[in-house]
Amino acid sequence: LLGIADRVGARKRRLGQLTTPHAVVYGLAQALALVPGVSRSGGTITAGLFMGYEHPAAARYAFLLAIPAVFGSGLYELSKTLTRTCTAATSCTPEIFTGLETAIATVVAFGVGLAVISFFMRYIAHRSFLPFVIYRKLSALCFILLAA
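Not measured: the values here are computed from a predicted model.

*Asks:* I'd like a description of the layout of surface pockets, backed by residues and values.
*Replies:* Computed from the structure, the largest pocket encloses a volume of approximately 730 Å³. Lining the largest pocket are 26 residues, and of these L2, S39, G42, T46 and R136 sit closest to its centre. Taken together, the elements giving at least two residues each to the lining of the largest pocket come down to α1 (2–8), α3 (40–50), α5 (99–124) and α6 (130–147). Within the lining of the largest pocket, the residues separate by chemical class into 17 nonpolar, seven polar and two charged. Lining the second largest pocket we find 17 residues, and of these I67, V70, F71, A109 and F110 sit closest to its centre. For the lining of the second largest pocket, the secondary-structure elements that each account for two or more residues are α4 (55–82) and α5. Considered class by class, the residues forming the lining of the second largest pocket number 13 nonpolar, three polar and one charged.

*Asks:* Just give me the short version of the side chain of T46, but keep the residues and values in it.
*Replies:* On the secondary structure map, T46 appears in helix α3. Its relative accessible area of 9% is what places T46 among the buried residues. Among all residues touching T46, those that are not within four sequence positions of it are L1, L2 and A5.

*Asks:* Give a detailed account of unusual backbone geometry, specifying residues and quantitative values.
*Replies:* A positive phi angle, close to 55 degrees, is found at R11, a residue other than glycine. Take R11: it is sitting in the loop between α1 and α2 (20–31). Judged by relative accessible area, R11 falls into the partly exposed class, the value being 40%.

*Asks:* Can you break down the packing of aromatic side chains residue by residue, with the values?
*Replies:* Overall, the coordinates contain eight aromatic pairs when judged by the stated rule. Measuring from ring centre to ring centre gives 5.3 Å for F120 and F132, while their planes differ by 75 degrees; the resulting arrangement is edge-to-face. In this pair, F120 is assigned in helix α5 and F132 in helix α6, connecting sequence segments 12 residues apart. You can call F120 buried: its relative accessible area is 11%.

*Asks:* Requested: an account of the pattern of salt bridges, with residues and values cited.
*Replies:* The full count for this structure, using the stated rule, is two salt bridges. R14 is the salt-bridge partner of E54, the closest N and O atoms lying 3.8 Å from each other. Linking E54 in the loop between α3 and α4 with R14 in the loop between α1 and α2, this pair joins segments that are 40 residues apart in sequence. Owing to a relative accessible area of 22%, E54 belongs among the partly exposed residues under this scheme.

*Asks:* I'd like to hear about the nonpolar core, residue by residue, with values.
*Replies:* One finds I45, L49, A59, F120 and F129 to be the most contacted residues of the largest nonpolar core, which totals 19 residues. Elements represented by at least two residues in this core include exactly α1, α3, α4 and α5. A total of six residues in this core trace back to one element, the largest contributor, which is α4. In this structure, L49 is in contact with L2, A5, D6, G9, A10, H55, A58 and F129, ignoring residues within four places of it in sequence.

Scoring rules and cut-offs
- Residues numbered from 1 in each chain as written.
- Predicted model: local features only at pLDDT ≥ 70, side-chain atom pairs only at ≥ 80, totals over all residues.
- Heavy atoms only, no water.
- 1 Å grid on protein atoms, 1.4 Å probe; cavity = no way out; pocket = protein on both sides within 12 Å on 5 of 7 lines; lining within 4 Å.
- Points joined across faces, edges and corners; volume = space filled by probe spheres on them.
- Helix = DSSP H or I, 4+ residues; strand = E, 2+ residues; numbered from the N terminus.
- Nonpolar A, V, L, I, M, F, W, Y, C, P; charged D, E, K, R; others polar.
- Buried < 20%, exposed > 50% of the residue type's maximum accessible area, 1.4 Å probe, protein only.
- Contact = heavy atoms within 4.5 Å.
- Phe/Tyr/Trp six-rings, centres within 6.5 Å; stacked < 30°, edge-to-face > 60°.
- Salt bridge = Lys/Arg side-chain N within 4 Å of Asp/Glu carboxyl O.
- Core = buried A, V, L, I, M, F, W, Y, C linked by side-chain atoms within 4.5 Å.

The following block contains the structure:
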């Protein structure tokens, strides 16, 4: 779908032209990530391209939508590590990582994520999504071959 959207999308709209109905479509596309194998950012970028947004606008909005989910997930994992209690009535497995290690991993992941997004935004401003389409097709083929 990303490949089709990349080819047929009008690429005329900018992020400032986002309307409420378009935001709802973006949200529904993000919700499709609940389906196994659907990428959250890939789904939202595809929706944006189908709605006629430029490559950078579609990608930027997809990444902006990720901020609350990723930040919330990191805080949740950190809070689980810091507030873990065990009682005799509940089964309690030992944590693999300490709160400090989880916090450091979160900060490192945030920094690497920003660097990758920065590179991706510069790349996609002048090129198509074709390499990502090829990657998805090859990964699906590998999965099929490994399952056989």
